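Examining the three-dimensional arrangement
One letter stands for each residue in the lines below.
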Amino acid sequence: MTTTPVEADWDRAPSVLEGARTMELTTRDCNLPYWLRHVAGTMLRRLSDGSVPDAGPTDAVCTPGPLRDAIVDEFTFRHLAEEKAARALSFLVFHAPDTDDLEFFSTQLVDEARHARIFREHLLRVGLSPEEIAAEVARTASTTAAAVLDPLEEFGLRVLRDEGDYYGGVLVLTVLVEGILAPAAELSERKWRPLDPAAALVERGANMDEIRHLAVGSSVVRRYLTEHPGQRPRLLEIVTEGRRLWEKLPMQEVLFRRESLFQEGLAEHAALIGDYEVWPGRRLVDTGIEERMEAAARWSQETQDTRLEYMLLSDGAR
C-alpha cells in the first residue's frame with residue numbers, strides 16, 4: 001500500500017502559509033508518476049467519491065446580496081488568473097531542460113486549468129446561470145483582470161515566450177504570481193468556511209496544489225543558482241522589476257471593493273458565523289476590511305521573503 005505524501009493528504013496537509021514557507025520538493029519528487037498516483041489517484045479521487053465532505057454553500061451566499069456578489073467577484077477573478085497561468089505554463093513545458101521538469105510543469109498546467117474550471121463551476125452552485133457566469137467573466141476580463149492580470153501576463157510572457165528564459169519564467173510564476181496570490185487564497189479559505197463551506201473546500205484543494213507548485217518552483221531556481229551563481233544578478237533584476245510592477249497595479253482597490261462586500265454580508269449574517277475564529281484568538285465577525293487586507297499582505301510578504309531566501313535571492317531582492 002502506497003503512503004500518501006502529507007502535502008497531498010486532505011487530513012494532514014499543512015495550510016498554504018505553512019507549506020509554502022517550509023515544504024521542500026523537487027521536480028523529481030513530483031514527476032508524472034507522483035501526480036497520477038497521489039493527486040489524480042488519491043487527492044482528487046477522495047474528493048470525487050465523497051470521502052471528503054462537501055457541505056455546499058449556505059443560503060446566505062446563494063441569496064442575491066453582498067455575500068454572493070463578493071464570491072462572484074472573487075471566483076470570477078480567480079478563474080481568469082488560473083486560466084492565464086495555465087496558458088503561460090505551456091512555455092515552461094516547451095523550454096523544460098529535462099524530463100522531470102517537463103513532467104512536473106505539465107502537471108502544474110493541468111492543475112491550473114482544473115482550478116480555472118472549479119472556480120467557475122462553483123458559481124453555478126451559488127445560483128448563477130451559465131449565461132450570467134459568461135457575462136461576469138467578460139465583465140471582469142475587461143475591468144479588474146485587464147487592470148491587474150493583463151500587465152502581469154504581459155511581463156511573464158516577455159520573459160517566457162519572447163526571451164525564452166526558462167529559469168526567469170519559473171521565478172516569475174513562483175514569486176510574483178503564486179507567491180503573492182497564495183496567501184490571499186489562504187485568507188479566502190478561512191473566511192468562507194462558515195458561510196460557504198464548498199467555496200472553502202475549493203480553496204483548500206487549490207491551496208494544496210499551490211504548496212507543491214511553490215515548493216518545486218523554488219527548488220528549480222535554487223538548483224540553477226547553486227550550479228550557476230553568476231546568474232544571480234539577472235534573476236534578482238527580474239524579481240525587482242516584477243515587484244515594481246506589482247506596486248503599480250490596483251490590486252488593493254480590487255481587494256478593498258471585494259472585502260467591502262464581504263463586510264456587508266458579515267454584518268448581515270453574524271449570527272450564522274458565531275464565534276468562528278479566522279485565525280487563533282480572532283473571531284471573523286470582529287475583523288474589519290483593513291485588518292483582513294493587512295493580514296493577507298503580511299502573509300504574502302513573509303511567504304515571498306522565505307521563498308526568496310530559499311532560492312538564494314534574498315539579499316537585494318527588494
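Since the structure is predicted, the reported quantities are computational estimates derived from the model, not experimental observations.

Turning to the overall build of the protein, a few remarks are in order. When its secondary structure is counted, the protein shows 13 helices and two strands. Its C-alpha atoms give the protein a radius of gyration of 19 Å, near enough to 20 Å, the size a compact globule of 318 residues would have. By principal-axis analysis of the C-alpha atoms, the protein measures approximately 55 × 50 × 40 Å. Expressed as a percentage of the 318 residues in the protein, the buried residues total 55%. In the protein, of all internal contacts separated by at least 6 residues, the share reaching a separation of at least 24 is 81%. For the protein, the accessible surface area stands at approximately 13,700 Å², while carbon and sulfur atoms represent 53% of it. Taken together, the 37 basic and 55 acidic charged side chains of the protein have centroids lying 2 Å from each other.

Next up on the list: the pattern of salt bridges. For the structure on display, the rule yields 30 salt bridges. One salt bridge connects arginine 223 with aspartate 101, and the closest N-O pair in it is separated by 3.0 Å. With arginine 223 in helix α9 (residues 197-227) and aspartate 101 in helix α5 (residues 99-125), this residue pair connects regions lying 122 residues apart in the sequence. Glutamate 259 is the salt-bridge partner of arginine 292, the closest N and O atoms lying 2.6 Å from each other. Separated by 33 residues along the polypeptide, arginine 292 in helix α13 (residues 289-310) and glutamate 259 in helix α11 (residues 251-268) bring together distant segments of the chain. The pair formed by arginine 292 and glutamate 259 is uniform in burial state, with each residue classed as buried. Taken together, the shared-partner salt bridges in this structure form one network comprising Asp111, Arg114, Asp209 and Arg212.

Bringing helix α2 (residues 32-48) into the picture now. End to end, α2 covers just 21 Å across 17 residues, shorter than the expected 24 Å (1.5 Å per residue, more than 12% under). Along its length, α2 shows its largest kink, about 30°, at valine 39. Those residues of α2 that fall on the buried side of the exposure criterion are Tyr34, Trp35, His38, Val39 and Met43. With its phi angle positive at about 90°, glycine 50 sits one or two positions after the end of α2.

Put simply, the largest pocket is a space of about 530 Å³. Looking at the largest pocket, it is lined by 20 residues, and the ones nearest its centre are Ile180, Trp246, Gln252, Ser300 and Gln304. For the lining of the largest pocket, the secondary-structure elements that each account for two or more residues are α8 (166-192), α10 (232-248), α11 and α13. The element that contributes the greatest number of residues to the lining of the largest pocket is α13, accounting for six residues. Tallied by class, residues from the lining of the largest pocket come to 11 nonpolar, five polar and four charged. Considered as a void within the structure, the second largest pocket measures approximately 310 Å³ in volume. Around the second largest pocket sit 15 residues that line it, and Leu47, Asp54, Ile118, Arg125 and Val202 are the ones nearest its centre. Secondary-structure elements contributing two or more residues to the lining of the second largest pocket are α2, α5 and α9.

Ranked by internal contacts, the top residues of the largest apolar core, which has 96 residues, are Phe105, Leu171, Trp192 and Leu313. In terms of residues, this core owes the most to one element, α9, which gives 13 residues. Contacts of phenylalanine 105, omitting those with residues within four sequence positions, involve Leu89, Leu92, Val93, Tyr166, Val170 and Val220.

Now for the side chain of glutamate 259. Here glutamate 259 falls in the buried class, since its relative accessible area comes to 5%. Contact partners of glutamate 259, with chain neighbours within four places excluded, come to Leu187, Lys191, Ile289, Arg292 and Met293.

On inspection of all chains with the given rule, the structure shows seven aromatic pairs. For the ring pair phenylalanine 105 and tyrosine 166, a centre distance of 6.1 Å and an interplane angle of 90° mean the geometry is edge-to-face. With phenylalanine 105 in helix α5 and tyrosine 166 in helix α8, the pair connects residues that are 61 residues apart, well separated along the chain. With respect to burial, phenylalanine 105 and tyrosine 166 carry one shared label: buried. Judged by centre distance (3.8 Å) and plane angle (10°), the rings of tyrosine 167 and tyrosine 224 are stacked. Of this pair, tyrosine 167 sits in helix α8 while tyrosine 224 sits in helix α9; the two residues are 57 residues apart in sequence, bridging distant segments of the chain. Taking the ring centre of phenylalanine 262 as reference, the NZ or CZ of lysine 191 above it sits at 4.7 Å. Taking NZ or CZ as reference, arginine 307 lies 5.0 Å from the ring centre of tyrosine 310, over its face.

The rules behind the values
Each chain carries its own residue numbering, running from 1 in the written order of its sequence. Local features in a predicted model are, by the rule used here, given only for residues with pLDDT of at least 70; side-chain atom pairs are given and counted only at 80 or more, and totals for whole chains, interfaces and linings are based on all residues. The side-chain values count all of the structure's non-hydrogen atoms but skip hydrogen atoms and water molecules. Secondary structure elements are taken from DSSP: a helix is a run of H or I of four residues or more, a strand is a run of E of two residues or more, and numbering for both begins at the N terminus. The size measure is the radius of gyration over C-alpha atoms, and the globule rule it meets is 2.2 Å times the number of residues to the 0.38 power. Burial here depends on accessible area, computed with a 1.4 Å probe over protein chains only, as a share of the maximum for the residue type. Under 20% is buried, over 50% is exposed, and the range in between is partly exposed. When checking whether two residues touch, look at their non-hydrogen atoms; a contact exists if any pair is within 4.5 Å. A 1.4 Å probe and the Shrake-Rupley method give the accessible areas. Residues count as covered only by the protein chains that appear here. The charge count includes Lys and Arg as positive and Asp and Glu as negative, but it does not include His or the ends of the chains. In this description, the location of a charge corresponds to atom NZ of lysine, CZ of arginine, CG of aspartate or CD of glutamate. What makes a salt bridge here is a side-chain nitrogen of Lys or Arg within 4 Å of a carboxyl oxygen of Asp or Glu, nothing more. An expected span of 1.5 Å times one less than the residue number is assigned to each helix. Bend is the name given here to the angle between axes fitted to two runs of seven residues, the run ending at a residue and the run starting at it. Within this scheme a cavity is a closed region of a 1 Å grid, computed over the protein atoms alone, that accommodates a 1.4 Å probe without allowing it to escape, whereas a pocket is open but has protein on both sides within 12 Å along at least five of seven lines; lining residues each have an atom within 4 Å of a point. Grid points are joined across faces, edges and corners, and a volume is the space filled by probe spheres set on the points. For this scheme, ten residues count as nonpolar: Ala, Val, Leu, Ile, Met, Phe, Trp, Tyr, Cys and Pro. Four count as charged, namely Asp, Glu, Lys and Arg, and the remainder, Gly too, count as polar. In this text, buried Ala, Val, Leu, Ile, Met, Phe, Trp, Tyr and Cys residues form a nonpolar core when linked through side-chain atoms within 4.5 Å. Centres within 6.5 Å are what make two rings of Phe, Tyr or Trp a pair, Trp counting through its six-membered ring; a difference in plane orientation under 30 degrees is then read as stacked, over 60 as edge-to-face, and the rest as tilted. Definition used: whenever NZ (Lys) or CZ (Arg) falls within 6 Å of the ring centre and also within 35 degrees of the ring normal, the charge is taken to sit over that ring.

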